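Examination of the molecular architecture
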Amino acid sequence: MGLFDFMIVEIAMDLGTANTLIIYDGKIVVDSPSMVARDIRNGKIIAVGKEASLMQGKTHENIKTIRPLKDGVIADFDASEKMISWFIKNIPEIKKSFFTPALRMVVCIPSGITEVEMRAVKESCERVNGKEVYLIHEPMAAAIGIGLDVMEPKGNLIVDIGGGTTEIAVIALGGIVCDKSIKIAGDVFTNDILFYMRTQHNLYVGDASAERIKIDVGAAMEELEDAPDDIMVRGRDLLTGKPKEVKIAFREIARALDKSIQRIEDAIMVTLALTPPELAADIYNTGLYLAGGGALLRGLDKRISLKTDLPVFIAEDPLRAVVRGTGTVLKNIPKYKRVLIK
């Protein structure tokens, strides 16, 4: 290897259903929506990331916006590969070099993923010149990103609510002791809001607007201490067909999301019920850690705490906890050998 070592570029990637983040040289250099826009006529990719997400719901028949990942796994192999390679090529330091450098990558994947889906991620990375590709389970990366010492013989409970999946895992000794991965997460929340707006307000809104509602007034409980202000939501009136505007308060969104949050709570309860007693004893002391975009839902920590009778802590910058953990592993691959999936 010796001579070529300097040509290898190390990156850590959180390839998410909603957002893709890449760390290079200890800094987050990519933080973009996982979305591409494709020209149907010639199959060319015309926009990736932020630009593509601005086109969402506003395209004509020759342009299609695609989310290459669904439920945390690759659904459109070609688009995902182009997206990854576009993100990597646009890292400033790599842009400067003449040739595509060889990559050493650590990429995180959902814990409930199958062998085939895992290989799809690996192959996607190898096609963009990934010479050494290591995989790590998302809840494990989240735990490391939160700053927990995962190698200790101590139990930690992680709940990572992403875009496509919610990962719940009990972690000890550098491994996942018991885990549950459910496909109820940010995307389902967005769909719940779409459905609620249609049925309760006869208002047809797009995905991007529903996402904005979720961020601005999303809540998990109808009683909040510091409630967000009501927002105006615009869309199409289903009765008259005219554009119209409705005022939405957080309580309505809490009602809209109630069922989905219940299912996440149930999954947490199931995981707790499967936890070995010694680890359950640890978790009683350490509590539960929330990561991922879903952790930002107002009042979710309190709601889960009431349900589980455990203290609930939200990771700082929960959206980036997973990629930070992945970056930590990248810096010290030998130390985290046990954590990686070869």
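Residues numbered from 1 in each chain as written. Predicted model: local features only at pLDDT ≥ 70, side-chain atom pairs only at ≥ 80, totals over all residues. Heavy atoms only, no water.

Going by the annotation in an unreviewed UniProt entry, the name recorded for the protein is Cell shape-determining protein MreB, with Flavobacterium xinjiangense given as the source organism. The Function (unreviewed entry) field of the UniProt record for the protein holds the comment "Forms membrane-associated dynamic filaments that are essential for cell shape determination. Acts by regulating cell wall synthesis and cell elongation, and thus cell shape. A feedback loop between cell geometry and MreB localization may maintain elongated cell shape by targeting cell wall growth to regions of negative cell wall curvature." In its Sequence similarities (unreviewed entry) section, the UniProt entry covering the protein states "Belongs to the FtsA/MreB family." (UniProt positions renumbered as here; feature names shortened; annotations may be inferred.)

To continue, consider the pattern of salt bridges. Scanning the entire structure with this criterion turns up 20 salt bridges. Of the charged contacts, one joins lysine 82 and aspartate 78 as a salt bridge, the two residues approaching to 2.9 Å between their closest N and O atoms. Of the two residues, lysine 82 and aspartate 78 both sit in helix 2 (residues 77–89), 4 residues apart, roughly one turn of that helix. Note that lysine 244 is salt-bridged to aspartate 237, the shortest N-O span being 3.6 Å. Residue classification places lysine 244 among the partly exposed positions, given a relative accessible area of 27%. The class of aspartate 237 is buried, set by a relative accessible area of 10%. Linked through salt bridges whose partners overlap, the residues forming this network are Arg38, Asp76, Asp78 and Lys82. (Salt bridge = Lys/Arg side-chain N within 4 Å of Asp/Glu carboxyl O. Helix = DSSP H or I, 4+ residues; strand = E, 2+ residues; numbered from the N terminus. Buried < 20%, exposed > 50% of the residue type's maximum accessible area, 1.4 Å probe, protein only.)

Counting 47 residues, the largest nonpolar core has Met197, Ile213 and Leu290 as the members making the most contacts within it. Counting residues per element, this core draws most heavily on helix 8 (residues 250–274), which supplies 9 residues. Domain assignment of the residues forming this core places at least three in each of domain 2 (149–184 + 259–318) and domain 3 (186–256). If we ignore the near neighbours within four places in the chain, the residues touching isoleucine 213 are Ile193, Met197, Gly218, Ile231, Val233, Ile248 and Ile253. Core analysis: the second largest hydrophobic core is formed by 33 residues, Ile11, Leu69, Ile84 and Phe87 among them. (Core = buried A, V, L, I, M, F, W, Y, C linked by side-chain atoms within 4.5 Å. Domains from an automatic or database assignment. Contact = heavy atoms within 4.5 Å.)

Let us now look at the sheet that holds strand 16 (residues 243–248). Spatial ordering of the open sheet is given by 14-15-16, a layout of 3 strands whose pairing is antiparallel. The sheet terminates laterally at strand 14 (203–204) and strand 16, the two strands that pair on one side only. Bridge count for strand 14 against strand 15 (residues 231–237) is 2 bridges, and the pairing is antiparallel. From the neighbouring strand, leucine 203 faces strand 15, where its bridge partner is aspartate 237. Across the sheet, helix 7 (residues 207–217) touches strand 15 and strand 16, and the angle it forms with strand 15 is around 160°. (Pairing = 2+ DSSP bridges. Axes fitted to C-alpha atoms, helices over the stretch in contact; angles between N-to-C directions.)

What follows covers the domain arrangement of the protein. Along its sequence, the protein is carved into domain 1 (8–141 + 322–341), domain 2 (149–184 + 259–318) and domain 3 (186–256). Look at where the C-alpha atoms of domain 1 and domain 3 centre, and you get two points 30 Å apart.

What follows concerns the state of the cysteines. Throughout the structure, instances matching the rule amount to 0 disulfides. Unpaired in terms of disulfides, cysteine 108 finds its nearest cysteine sulfur in cysteine 125, a separation of 10 Å. Judged by relative accessible area, which is 0%, cysteine 125 ranks as buried. (Disulfide = S-S within 2.5 Å.)

A few words now on unusual backbone geometry. Its identity is not glycine, yet aspartate 25 carries a phi of approximately 60°, on the positive side. By the element assignment, aspartate 25 lies in the loop between strand 2 (19–24) and strand 3 (27–33). With a relative accessible area of 55%, aspartate 25 lands in the exposed category. A positive phi angle, close to 50°, is found at asparagine 202, a residue other than glycine. Mapped onto the fold, asparagine 202 is located in the loop between helix 6 (186–201) and strand 14. Owing to a relative accessible area of 30%, asparagine 202 belongs among the partly exposed residues under this scheme.

Across the sheet, 3 strands lie side by side as 5-4-6; this open sheet has antiparallel pairing. Each of the sheet's edge strands pairs with one partner strand only, and the pair in question is strand 5 (45–48) and strand 6 (63–66). Geometrically, the sheet is characterised by an average inter-axis angle of 20° between neighbouring strands, direction not taken into account. Summarising the sheet, strand 4 (residues 36–39) and strand 6 pair through 4 bridges and their orientation is antiparallel. By the bridge assignment, aspartate 39 is partnered in strand 6 with isoleucine 63.

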